[in-house]
Amino acid sequence: MIKCIAIDDEPKALEIIKSHVSKIDYLNLINVYTDPLKAIAHIESTPIDLIFLDINMPDIDGMKFLKHLRNKIQIIFTTAHSEYALRSYEVEAVDYLLKPFDFSRFLIAVVKAKERINLNTLQEDYFFVSTGNQKKRLFYKDILYIQAEGNYVIYYTLNDRTMVRASISETVELLPRNKFVQIHRSTIVSLHSIDKVEDNHVHIQNVKHQISSTYREAFFILINSKK
């Protein structure tokens, strides 16, 4: 299921998107917004795969809105202004829908987004990190959790720990969202390594990690989606 939201300052445009989305069974429209600033607050706390985004809006236009996105979210622009088409490709948007668009054209854009989202989830099963003057290979399946320590993060596996000079925010952006989730400003956990969740704590290999209030809602939404 692809989780999406729509942002447009015109309520009628949002009604059209809602109607189109209702005909596609693998789309889950979480919410719609006429105020992009409220959408930013939602995105920061809830995992989203796709945004239908108007460009020409008051207060903050669609292009400036993209600068507030920390996670890699797919974008389909919806606008009545054709002059923005080139800029949409420069920011690697999935597609550019020129209003008024019909369901057929909408579906073409959604299929493109689905293909890109599926491609992003089919990643290599390992990656490399820099440790001093060396490159070390880490397998996603071996990582239990990651914790920040000063200017470093430490990757914990069953038999080893690897220290990398990086911030926790930089690290979470590098990891696949279907495998890892941040639960605290200093902690990222591997979903497949979680033994249990109890009293707002995640238990992994007899180590208890607090789920802070900032990340709690997004964490439980993600956990519930895995049921």
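Each remark here, short or long, concerns the structure printed above.
Structure report, in brief. (Residues numbered from 1 in each chain as written. Predicted model: local features only at pLDDT ≥ 70, side-chain atom pairs only at ≥ 80, totals over all residues. Heavy atoms only, no water.)

### Quick notes on the overall build of the protein
Here comes step 1: When you go through the protein residue by residue, the secondary structure sums to seven helices and 15 strands.
Here comes step 2: For the protein, whose C-alpha radius of gyration is 19 Å, the value lies close to the compact-globule estimate of 17 Å for 227 residues.
Here comes step 3: Along the three orthogonal principal directions, the C-alpha set of the protein runs to about 55 × 40 × 30 Å.
Here comes step 4: A separation threshold of at least 6 residues defines the contact pool for the protein, and within that pool the share at least 24 residues apart is 49%.
Here comes step 5: For the protein, the accessible area works out to roughly 12700 Å², and carbon and sulfur atoms hold 49% of it.
Here comes step 6: Computing the positive centroid from 29 side-chain charges and the negative centroid from 28, the protein places the two 4 Å apart. (Helix = DSSP H or I, 4+ residues; strand = E, 2+ residues; numbered from the N terminus. Rg over C-alpha atoms; globule rule 2.2 N^0.38 Å. Contact = heavy atoms within 4.5 Å. Areas by Shrake-Rupley, 256 points an atom, 1.4 Å probe, with all protein chains shown as cover. Lys, Arg positive; Asp, Glu negative; His and termini not counted. Charge placed at Lys NZ, Arg CZ, Asp CG, Glu CD.)

### Side note on the sheet that holds strand S10 (residues 161-165)
Where strands meet in a sheet, backbone hydrogen bonds hold them as pairs that are either parallel or antiparallel.
Here comes step 1: Spatially, S10-S9-S8-S12-S11 is the arrangement adopted by the five strands of the open sheet, whose pairing is antiparallel. The open sheet has two edge strands, S10 and strand S11 (180-184), and neither has a second partner. Each strand of the sheet is rotated relative to its neighbour by a mean of 20°, with strand direction disregarded.
Here comes step 2: In this sheet, S10 lies alongside strand S9 (residues 152-157) in antiparallel orientation, the contact comprising five bridges. Bridged to Tyr152 within S10 is Arg165. (Pairing = 2+ DSSP bridges. Axes fitted to C-alpha atoms, helices over the stretch in contact; angles between N-to-C directions.)

### A word on helix H2 (residues 36-45)
Structurally, the α-helix is built with 3.6 residues per turn, so residues lying three or four positions apart point the same way.
Here comes step 1: Of all the positions in H2, only Pro36, Ala39, Ile40, His42, Ile43 and Ser45 are classed as buried.
Here comes step 2: Taking the backbone nitrogen of Leu37 as reference, a side-chain oxygen 2.9 Å away marks Asp35 as the first, capping residue of H2. (Buried < 20%, exposed > 50% of the residue type's maximum accessible area, 1.4 Å probe, protein only. Polar contact = N/O pair within 3.5 Å; in protein donor to acceptor, adjacent residues only side chain to side chain.)

### Describing the sheet that holds strand S5 (residues 95-98)
Here comes step 1: Taken in spatial order, the five strands make up an open sheet running S2-S1-S3-S4-S5, and their pairing is parallel. Strand pairing shows two members of the sheet lacking a second neighbour, strand S2 (27-33) and S5, which therefore form its edges. Direction aside, the axes of adjacent strands within the sheet are offset by 20° on average.
Here comes step 2: Bridge count for strand S4 (residues 74-79) against S5 is four bridges, and the pairing is parallel. Looking at S5, one finds that Thr79 is bridged to Leu98.
Here comes step 3: Docked against the sheet, helix H1 (residues 11-21) engages strand S1 (2-7), S2, strand S3 (50-53) and S4, running at close to 170° with respect to S2.
Here comes step 4: Docked against the sheet, H2 engages S1, S2 and S3, running at close to 160° with respect to S1.

### Some remarks on the environment of Leu144
Here comes step 1: On the secondary structure map, Leu144 appears in strand S8 (residues 143-149).
Here comes step 2: Residue class for Leu144 comes out buried when judged on its relative accessible area of 10%.
Here comes step 3: Residues Leu144 and Leu158 lie 14 residues apart in sequence; the distance between their C-alpha atoms is 7.1 Å.
Here comes step 4: Apart from residues lying up to four places away in sequence, Leu144 is in contact with Tyr156, Thr157, Leu158, Val189, Ser190, Ser193, Ile204 and Gln205.

### Quick notes on the pattern of salt bridges
Here comes step 1: Scanning all chains against the criterion turns up eight salt bridges.
Here comes step 2: Among the ionic contacts, a cluster of salt bridges with common partners joins Asp8, Asp54 and Lys99. (Salt bridge = Lys/Arg side-chain N within 4 Å of Asp/Glu carboxyl O.)

### Details of the nonpolar core
Here comes step 1: Core analysis: the largest hydrophobic core is formed by 21 residues, its most contacted members being Ile7, Ile51, Leu53, Phe65 and Phe77.
Here comes step 2: Of all elements in the fold, only S1, H2, S3, helix H3 (62-66) and S4 reach the threshold of two or more residues within this core.
Here comes step 3: Contact partners of Ile51, with chain neighbours within four places excluded, come to Ile5, Ile7, Ile43, Phe65, Leu69, Ile73, Gln74, Ile75 and Ile76.
Here comes step 4: Within the second largest apolar cluster, 20 residues are counted, among which are Ile2, Leu50, Phe101 and Ala113. (Core = buried A, V, L, I, M, F, W, Y, C linked by side-chain atoms within 4.5 Å.)

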